[in-house]
Amino acid sequence: MIALGSDHGGFDLKEVVKEHLQKRGFEVKDFGTYDKESCDYPDFGRAAAEAVASGECEKGIVICTTGIGISIVANKVKGIRCALCSETTSARLTREHNDANMLAMGGGLVGELLALEIVDTFLDTEFSGLEKHSRRISKLEQ
């Protein structure tokens, strides 16, 4: 199951991502927002991150206008490694090297086609499992 969260600035892209994930056969839990009325990204980013941290959801995707604020709030939740990505190389490397469990994107910065490529890359890339990367992740969690 994939947790989704966005504020009003990420709402449109979240809806596109949600439809794409469902077409790919993923279960999706949408933590809001549910419309384009002005709201506060920490409410929705935190809810999605807590679902991933608790194990309720396997991974999460959060979106605000830039992706910056919502990635910061997600990373405040213990056990979350949220990476802000605006292209596919970062999405691949954050999974291979950092075993990131959440992806953040900027709805005002990333177009729909690129966003879906980023999502697919993030979800389809496995953690490398190399000792050096595992060691570094352990240090992040300390």
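Residues numbered from 1 in each chain as written. Predicted model: local features only at pLDDT ≥ 70, side-chain atom pairs only at ≥ 80, totals over all residues. Heavy atoms only, no water.

Provide a residue-level description of a nonpolar patch on the surface, including the pertinent values.
A cluster of nonpolar side chains, I68, I72 and L84, forms an exposed patch at the surface whose accessible area comes to about 260 Å². With respect to the secondary-structure elements, I72 resides in helix 3 (residues 68–75). (Patch = residues over 30% accessible without salt bridge, like charges linked within 9 Å, V, L, I, M, F, W, Y side chains within 5 Å. Areas by Shrake-Rupley, 256 points an atom, 1.4 Å probe, with all protein chains shown as cover. Salt bridge = Lys/Arg side-chain N within 4 Å of Asp/Glu carboxyl O. Helix = DSSP H or I, 4+ residues; strand = E, 2+ residues; numbered from the N terminus.)

Summarise unusual backbone geometry; cite the residues concerned and give the values.
Of note, the bond from G32 into T33 is cis; its omega dihedral lies within 30 degrees of zero at 0 degrees. Here T33 lies in the loop between strand 2 (28–30) and helix 2 (41–54). The phi torsion at D99 lies on the positive side, around 50 degrees, for a residue other than glycine. Within the secondary structure, D99 sits in the loop between helix 4 (88–98) and strand 5 (102–106).

Can you lay out the sheet that holds strand 5 for me, pointing to particular residues and giving the numbers?
The five strands lie next to each other as 2-1-3-5-4, forming an open sheet whose pairing is parallel. On the outer flanks of this sheet lie strand 2 and strand 4 (82–84), each paired with one strand and no other. On average, each strand axis in the sheet is inclined to that of its neighbour by 20 degrees, with strand direction left out of account. Examined bridge by bridge, strand 1 (residues 2–6) and strand 2 share three bridges and lie parallel to one another. Its bridge partner lying in strand 2, I2 is registered against V28. (Pairing = 2+ DSSP bridges. Axes fitted to C-alpha atoms, helices over the stretch in contact; angles between N-to-C directions.)

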